Amino acid sequence: RLSKISATENGVSTSAVRNPSRYSPPWSYLTETDDPNVAWRSLVTAVSTVEPNVEIVKLTDRYLHAVVPTSFPKFDFASLTAGSGDNNTTGRPGFDDLEFMLKPEDNLILYRSASRTSVFVYPLTQPVSDRNTNLNRLEKIRTKLGWSLLGDKQT
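Here the structure is a predicted model, which means the values were calculated and not measured. (Residues numbered from 1 in each chain as written. Predicted model: local features only at pLDDT ≥ 70, side-chain atom pairs only at ≥ 80, totals over all residues. Heavy atoms only, no water.)

Lay out the confidence of the model for the protein in plain terms, naming residues and giving numbers.
Looking at the protein, the pLDDT average stands at 80 and 72% of residues meet or exceed 70. In the model, residues 73-92 has pLDDT below 50 throughout and makes 16 contacts with residues more than four positions away in sequence or in other chains. (pLDDT = per-residue confidence, 0-100. Contact = heavy atoms within 4.5 Å.)

Outline helix H1 (residues 36-49), supporting the account with residue identities and numerical values.
Spanning 14 residues, H1 covers 20 Å between terminal C-alpha atoms, matching the ideal 20 Å at 1.5 Å per step. Those residues of H1 that sit buried are Ala 39, Trp 40, Ser 42, Leu 43, Val 44, Ala 46 and Val 47. Each element contacted by the buried residues of H1 is listed here: strand S2 (27-28), strand S3 (55-59), strand S4 (63-69), strand S5 (95-103), strand S6 (108-115) and helix H3 (133-145). Here H1 starts with a cap whose side-chain oxygen sits 2.8 Å from the backbone nitrogen of Asn 37, and that cap is Asp 35. (Helix = DSSP H or I, 4+ residues; strand = E, 2+ residues; numbered from the N terminus. Expected span 1.5 Å × (residues − 1). Buried < 20%, exposed > 50% of the residue type's maximum accessible area, 1.4 Å probe, protein only. Polar contact = N/O pair within 3.5 Å; in protein donor to acceptor, adjacent residues only side chain to side chain.)

I'd like to hear about unusual backbone geometry, residue by residue, with values.
Unusually for a residue other than glycine, Asn 53 sits at a positive phi of about 70 degrees. Within the secondary structure, Asn 53 sits in the loop between H1 and S3. Overall, Asn 53 belongs to the exposed group, its relative accessible area being 61%. The backbone of Asn 107 sits at a positive phi, close to 60 degrees, despite the residue not being glycine. With respect to the helices, strands and loops of the structure, Asn 107 is situated in the loop between S5 and S6. Overall, Asn 107 belongs to the partly exposed group, its relative accessible area being 23%.

Go over H3 with me, naming the residues and quoting the values.
Because each turn of an α-helix spans 3.6 residues, side chains separated by three or four positions in sequence point in the same direction. The terminal C-alpha atoms of H3, which comprises 13 residues, lie 18 Å apart, in line with the 18 Å expected from a rise of 1.5 Å per residue. Taken together, the buried positions of H3 are occupied by Thr 133, Asn 134, Leu 135, Arg 137, Leu 138, Glu 139, Ile 141, Arg 142 and Leu 145. Phi turns positive one or two residues past the end of H3, at Gly 146, with a value near 75 degrees.

This is the structure:
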């Protein structure tokens, strides 16, 4: 199971069932094939070409983790740590994580797409909207594959 998306993150996940604004239903690949291996190879290809600068950082026969530069909001993250002596770049701010999990026994793909860094403007307690870039990226992948969405589309 993939991690959920909290209310203070920009993103969507099939695991965010208790947070309707961050939930999106799983995909079925049966419109393309009934072979999970064929579907998985198609997904890997679609993810790697969905946007420039996509980097697949982990790939197994049932799990894919990729990172892609955040497209919105544009923000000068370097200024956040300038002069603070904090040169820790472990979080690689300005990137979105894409995760996919193959569930061959159910003919499903589970997914999660989330921004690593959320921007807040005082006094708001919700992050500045990413203009649904995570959701739109996932929809672009699904549409490219011709796979079906098992539930109502999030808007």
